[in-house]
Amino acid sequence: MNTNSNTYTVIYTTIIVVIVAAVLAFVAMTLKPLQDANVKAETISQMLSAAQLVNDSDLQKMDNRAVLSKYSESVRTAFLINSKGAKVRELNTEEGSIELADNLKEQNYNIKGAGEPNLPVYVFDKAGEEIYVLPVYGAGLWGPVWGYIAFNADCSKIVGAYFDHSGETPGLGAKIKDEPSFREQFAGKSVDVTGTKLFSIVKGGAPEGATGAVDAIAGATMTCKGLDAAINTWLSAYKPFLATQMGASLSQGCGSCGENSGDCCGGGDCGGSCNGSCGGNHQCNR
Amino acid sequence: MNKDLKNTLLNPIFKGNPITVLVLGICSSLAVTVQLKGALVMALSVIVVTGLSSLVVSLIRNTIPNRVRIIVQLVVVALMVIVVDQVLKAYAYSIDKQLSVYIGLIITNCIVMGRIEAFALGNKPWPSFIDGVANGAGYGLILVIVAFFRELLGSGTLLGFQVLPDSYVPNNLVILPPMALILLGCIVWVQRAIQKDLQEK
């Protein structure tokens, strides 16, 4: 047979490509459940890391099962909220059937106006204290960046954060994940729910003593800008929820407490009685 | 095992090593040798890819239309690489993340295409498979040697276990790619000192 004729070449390449495609489809479908389980365990381990429940070196040694059982034993509840901060439904936290909100990309569109967002809130138990873990998602330089930010019981302080990316430059943008010192900056900071800018990643260094800002990474301007936008977009969507947690309602004007609003509303004691007429000592009138 | 086959198997591992003698596959050998574990997985992946793609190409060698043979070879190699990548994603997720793009880049590794063009197209399946595996092993051997020294001196660990005492201060230069190139140079030096016929006049 003439293997160099045009007809032969076209038929031959077609058959080869169809066979290869079939093999690949088969392999991909067979391995999909295992791969999904890995991704799920990784997502959970990122939350555990953000909530400071497990340190990073222990986390690396844990296999999927250990991660899942650690999640089930330390999670108190997990639920979805809408843009008003009201609970939509619970997420299953049983070890065998852990349910995660893994459609962050879709929710990101919803937050930006495509629909009604269903945002996940994961509540962990750390030595009796509640830890709230909220996801963020946005565009980095080369691909998506996302992460988890953990808050204390009244959401007045960040206890930790974890960020990941799909393809930021190693050594530069990838440092949002690889550089522990970048993530560690978030611990102890707080989010300003009264302003339009909730949190800032500042190029050139955050001002000394700033509660709502951290230093950006040198050489990773676009990644940091993207992460900054992701954090602000998502935490804005969580604003009603965060405000409720902080024990102050935005509509009651606690914003008038100015930059010291934390004194007024952050404690959670004000409850619904905070009427915004903060005295000179920045204490709420009760 | 006859003498030809034995030669096919042993030659690429030392005398005709793809990295130190043919100087192929340098890029990935600098990138994935920071830790021994990553290097071992990478070596295994390359052995599987070179072995299986040589075998498959050799099986269909008489049917391949000459004008599109490179593309057909590429399709076969790409198939193997994607399968390896998928398997790693399913069974060794953390290592796959660590090796990131380099598994996918096995496609561009000259060793694979080079052996198919030079050997598998003109030989029977079994010798071709041996040749592919041997070349992958030759590549892997160098990878593991380099990674051994880089992890030992750069992190004081081997396969993640602490081997050097805490008083040893890890040398961060060893972690960086330039040191891999220097180590590779040392290996080439040692090999040419042993094997005088490789020395250029």
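Since the structure is predicted, the reported quantities are computational estimates derived from the model, not experimental observations.

The rules behind these values
Residues numbered from 1 in each chain as written. Chains lettered and ligands numbered in written order. Predicted model: local features only at pLDDT ≥ 70, side-chain atom pairs only at ≥ 80, totals over all residues. Heavy atoms only, no water. Helix = DSSP H or I, 4+ residues; strand = E, 2+ residues; numbered from the N terminus. Buried < 20%, exposed > 50% of the residue type's maximum accessible area, 1.4 Å probe, protein only. Contact = heavy atoms within 4.5 Å. Areas by Shrake-Rupley, 256 points an atom, 1.4 Å probe, with all protein chains shown as cover. Lys, Arg positive; Asp, Glu negative; His and termini not counted. Charge placed at Lys NZ, Arg CZ, Asp CG, Glu CD. Salt bridge = Lys/Arg side-chain N within 4 Å of Asp/Glu carboxyl O. Axes fitted to C-alpha atoms, helices over the stretch in contact; angles between N-to-C directions. Parallel < 35°, antiparallel > 145°, perpendicular 65-115°, else oblique. Left-handed = near helix turned anticlockwise from the far one by under 90°. Core = buried A, V, L, I, M, F, W, Y, C linked by side-chain atoms within 4.5 Å. Buried area = accessible area lost by both parts, 1.4 Å probe. pLDDT = per-residue confidence, 0-100. Phe/Tyr/Trp six-rings, centres within 6.5 Å; stacked < 30°, edge-to-face > 60°. Lys NZ or Arg CZ within 6 Å of the ring centre and 35° of its normal.

(A) Main features of the overall build of chain A. When its secondary structure is counted, chain A shows 9 helices and 8 strands. A total of 286 residues make up chain A; the buried ones form 45% of that total. Long-range pairs, those at least 24 residues apart, make up 49% of the contacts in chain A with a sequence separation of at least 6. If you sum the accessible surface of chain A, you get close to 13,800 Å²; carbon and sulfur atoms cover 54% of it.

(B) Representation of the overall build of chain B. The helix and strand tally for chain B stands at 10 helices and 2 strands. N-terminal to C-terminal, the α/β element order of chain B is α-α-α-α-α-α-α-α-β-β-α-α. Projected onto its principal axes, the C-alpha positions of chain B cover 60 × 45 × 30 Å. Pairs at least 24 apart in sequence give 74% of the contacts found in chain B among residues at least 6 apart. Accessible surface, chain B as shown: approximately 10,000 Å² in total, 70% of it carbon and sulfur. Treating the 15 positive side-chain charges of chain B as one cloud and the 9 negative ones as another, the clouds have centres 7 Å apart.

(C) Structural context of the pattern of salt bridges. Scanning the entire structure with this criterion turns up 12 salt bridges over all chains. The partner of A:Lys197 in a salt bridge is A:Asp228, and the shortest N-O contact between them spans 2.5 Å. On the criterion of sequence distance, the pair formed by A:Lys197 in the loop between helix H6 (180–184) and strand S7 (200–202) and A:Asp228 in helix H7 (residues 221–237) is long-range, its members being 31 residues apart. In the salt-bridge network here, residues are joined through shared partners; they are A:Glu42, A:Asp164 and B:Lys97.

(D) Representation of the packing of helix H4 (residues 69–91) of chain B against helix H7 (residues 110–118) of chain B within the structure. Residues and elements named next belong to chain B. Contact geometry of H4 with H7 gives a least axis separation of 11 Å together with a crossing angle of 130°. Taken together, the axes of H4 and H7 are oblique relative to one another. Here H4 and H7 pass one another in a crossing that is right-handed. Between H4 and H7, the residues in contact are Arg69, Ile70, Gln73, Leu74 and Val77 and Val112, Met113, Ile116 and Glu117, respectively.

(E) Region of interest: unusual backbone geometry. Residues and elements named next belong to chain A. Even without being a glycine, alanine 127 presents a positive backbone phi close to 50°. Positionally, alanine 127 belongs in the loop between strand S3 (119–126) and strand S4 (129–139). Under the relative-accessibility criterion, alanine 127 is labelled exposed at 82%. The phi dihedral of cysteine 155 falls on the positive side, at around 60°, and the residue is not glycine. Mapped onto the elements, cysteine 155 comes out in the loop between strand S5 (144–151) and strand S6 (158–165). Using a relative accessible area of 0% as the deciding quantity, one classes cysteine 155 as buried.

(F) Inspection of the nonpolar core at higher detail. If you look at the biggest cluster of nonpolar residues, it comprises 65 residues, and the most contacted ones within it are A:Tyr122, A:Phe124, A:Phe151, A:Phe163, A:Phe186, A:Ile231 and A:Leu235. When near neighbours in sequence (up to four residues on either side) are disregarded, A:Ile231 contacts A:Val136, A:Ile149, A:Phe163, A:Phe186, A:Phe199 and A:Ile201. Core analysis: the next-biggest nonpolar cluster, separate from the first, contains 45 residues, A:Tyr8, A:Val20, B:Val57 and B:Ala180 among them.

(G) Geometry of the interface of chain A and chain B. The interface of chain A with chain B comprises 22 residues on the first partner and 20 residues on the second. Summing both partners gives a buried area of about 1,800 Å² for chain A against chain B, and 66% of it is carried by carbon and sulfur. Seen at the junction of chain A and chain B, the total is 2 salt bridges. Between B:Lys97 and A:Glu42 there is a salt bridge; the shortest N-O distance is 2.9 Å.

(H) Summary view of the confidence of the model for chain B. Overall, the predicted model of chain B reaches an average pLDDT of 88, with 100% of residues at or above 70. Reported for the predicted complex are a pTM of 0.76 and an ipTM of 0.81.

(I) Examining the packing of aromatic side chains more closely. Residues and elements named next belong to chain A. Taken as a whole and judged by the stated rule, the model has 10 aromatic pairs over all chains. Aromatic side chains phenylalanine 163 and phenylalanine 182 sit 6.1 Å apart centroid to centroid with 50° between the ring planes, which places their arrangement in the tilted category. Of this pair, phenylalanine 163 sits in strand S6 while phenylalanine 182 is found in helix H6, placing the two residues 19 residues apart along the sequence. No difference in accessibility class separates phenylalanine 163 from phenylalanine 182, as the two residues are buried. An angle of 55° between the planes, with centres 5.0 Å apart, marks the rings of phenylalanine 163 and phenylalanine 186 as tilted. Of the two residues, phenylalanine 163 sits in strand S6 while phenylalanine 186 sits in the loop between H6 and S7, which places them 23 residues apart along the sequence. When its relative accessible area of 0% is taken as the criterion, phenylalanine 163 is described as buried. A connected cluster of aromatic rings, assembled from ring pairs, spans Phe163, Phe182, Phe186 and Phe199. The residue whose ring lies beneath lysine 87 is phenylalanine 79, and the NZ or CZ to ring-centre distance is 4.4 Å.

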